[in-house]
Each structure stands twice: as C-alpha cells, then as structure tokens.
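Each chain, letter by letter, is given below.
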Amino acid sequence: MLRKKYFVKPKMQWRYLLILMIIMIILGVLSYYAFLKTLVSAPGMEQLSAGTVKNFTNAYTNGFFWIILAFSVFVLVQSVFYFHRIIGPMYFFELVMKKLSEGNFGVKVHWRSKDETVELANLISKVIENTRKSVISDREKLNEAIKAIDNGENQKAKDLLKTVTQWCKTEEETKEVG
C-alpha cells in the first residue's frame with residue numbers, strides 16, 4: 001500500500017526538518033573553519049604569497065560550499081522519506097486509536113514493509129484481535145447466561161458470568177499477582 005502524502009503531520013515534520021537543518025548548518029560552519037584553519041596553518045603555507053593563499057582560500061570555500069550544499073540537500077530529502085516511514089505510521093496509529101476509543105474494534109492495522117514501526121503494528125494488531133475475540137466470546141457467554149436464567153438454571157448463569165472478561169487484568173488484579 002502506498003501512502004501518497006509525505007507530510008501527514010506537517011507541523012511535526014517541518015519542525016524536525018528545521019532542527020536537522022540547523023544542526024547541519026552548525027556542523028558545516030564548524031567543519032569549514034576547522035578545515036580552513038588546518039589548511040592555512042599547514043607547513044609550507046607561509047612560503048606562499050598572500051594572493052596565492054587568498055586564491056586557495058576562495059577555491060576551498062567554493063568547493064566546500066557546493067559539497068556541503070549537495071550533501072545537505074541529499075540528507076534533507078532522505079530525511080523527508082525517513083520521517084515519512086516514522087511519522088506516517090504514527091499518524092495512522094492515531095487514527096486507529098481514535099476508532100478504538102470510539103468502540104470500533106473492526107479496524108485493521110496495516111503497514112508497509114519499510115515502515116520503522118512494524119513491531120508496534122504487530123502488537124496493536126494482536127491487541128485488537130484479542131479484544132475482538134474476547135468481546136465475541138463474552139457476548140456468547142452472556143447470551144448463554146440469559147438463556148440459563150430464563151430456564152431457571154441460576155447456578156449455570158452465575159458460573160458463566162464468572163468467566164466473562166477473565167482475560168482482562170485490572171490494576172487491582174495485577175497488584176495481587178505482583
């Protein structure tokens with residue numbers, strides 16, 4: 001399945017791209033001055049004329065600028081795709097959780113093989129499937145209990161009702177076990 005929108009949460013994605021851009025600018029400037037200082041103070045540079053050093057510095061600056069620009073564009077474009085593989089599934093999980101909070105357990109969780117959240121998608125799928133199966137089982141037990149009450153089999157109804165939602169642990173039950 002292809003997601004056609006690369007900016008599903010634009011505010012978050014632009015913020016991360018801006019942070020990445022600022023980091024790259026700072027690292028670029030620091031690298032530029034560190035390498036320039038090393039080159040200019042290299043042995044033998046004092047023997048060159050001021051014009052030659054200036055030409056060398058200009059050539060170094062132009063080359064460094066274009067290399068850093070190409071590298072930055074490449075990293076930023078790759079980041080858009082990488083963020084898409086993280087933020088896209090996050091956005092989808094938010095939609096799934098919204099449906100689940102509304103009681104809709106018919107939702108299916110799907111993912112792409114390149115998404116970074118495949119493990120999370122698998123776990124959410126298991127939770128949804130287990131909850132769906134439990135709800136179906138509990139409804140069947142409740143219907144059987146109602147039939148048992150109608151037939152005057154109160155003990156059978158009580159026994160059935162005791163087994164409803166046993167799979168779900170509450171906070172009190174987990175404290176008792178732990």
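A. Looking closely at the side chain of Thr 57. Following the sequence through the fold, Thr 57 ends up in helix H2 (residues 50-101). Separated by 2.7 Å, the side chain of Thr 57 and the backbone oxygen of Val 53 make a polar contact. Filtering out sequence-adjacent residues up to four positions away, Thr 57 remains in contact with Leu 36 and Val 40.

B. Structural detail: helix H3 (residues 118-150). Compared with an ideal rise of 1.5 Å per residue, which puts 33 residues at 48 Å, H3 spans 48 Å between its outermost C-alpha atoms and is within 8% of the ideal. Within H3 the residues assigned to the buried category are Ala 121, Ile 124, Ile 128, Thr 131, Arg 132, Ser 134, Asp 138, Ala 145 and Ala 148. Where H3 is buried, its residues touch H2 and helix H4 (154-162). Just beyond H3, the residue with positive phi is Gly 152, at close to 80 degrees.

C. Geometry of the packing of H2 against H3. One can describe the packing of H2 onto H3 by two numbers: an axis separation of 12 Å at closest approach and a directional angle of 10 degrees. Taken together, the axes of H2 and H3 are roughly parallel relative to one another. Crossing geometry of H2 relative to H3 is assigned as left-handed. Seen from H2, the contacting residues are Phe 93, Val 96, Met 97 and Leu 100; seen from H3, they are Leu 120, Ala 121, Ile 124 and Ile 128. A breakdown of the residues in the contact of H2 with H3 according to their chemical character gives eight nonpolar, no polar and no charged.

D. Inspection of the packing of aromatic side chains at higher detail. Overall, the coordinates contain seven aromatic pairs when judged by the stated rule. Centroid distance Tyr 32 to Tyr 60: 5.4 Å. Interplanar angle 25 degrees. Geometry classified as stacked. Of this pair, Tyr 32 sits in helix H1 (residues 10-40) while Tyr 60 sits in helix H2, and the two are 28 residues apart along the sequence. Like Tyr 32, the residue Tyr 60 is buried in the burial classification. Taking the centre distance of 5.1 Å and the plane angle of 75 degrees together, the rings of Phe 65 and Trp 66 count as edge-to-face.

E. A look at the pattern of salt bridges. In this structure the tally under the stated criterion is one salt bridge. The salt bridge involving Glu 129 is made with Arg 132; its shortest N-O contact spans 2.5 Å. Within this pair, Glu 129 and its partner Arg 132 are both found in helix H3, separated by three residues, close to a single helical turn. On the accessibility criterion, Arg 132 (18% relative accessible area) is buried.

Rules of the game
Residues numbered from 1 in each chain as written. Predicted model: local features only at pLDDT ≥ 70, side-chain atom pairs only at ≥ 80, totals over all residues. Heavy atoms only, no water. Helix = DSSP H or I, 4+ residues; strand = E, 2+ residues; numbered from the N terminus. Polar contact = N/O pair within 3.5 Å; in protein donor to acceptor, adjacent residues only side chain to side chain. Contact = heavy atoms within 4.5 Å. Expected span 1.5 Å × (residues − 1). Buried < 20%, exposed > 50% of the residue type's maximum accessible area, 1.4 Å probe, protein only. Axes fitted to C-alpha atoms, helices over the stretch in contact; angles between N-to-C directions. Parallel < 35°, antiparallel > 145°, perpendicular 65-115°, else oblique. Left-handed = near helix turned anticlockwise from the far one by under 90°. Nonpolar A, V, L, I, M, F, W, Y, C, P; charged D, E, K, R; others polar. Phe/Tyr/Trp six-rings, centres within 6.5 Å; stacked < 30°, edge-to-face > 60°. Salt bridge = Lys/Arg side-chain N within 4 Å of Asp/Glu carboxyl O.

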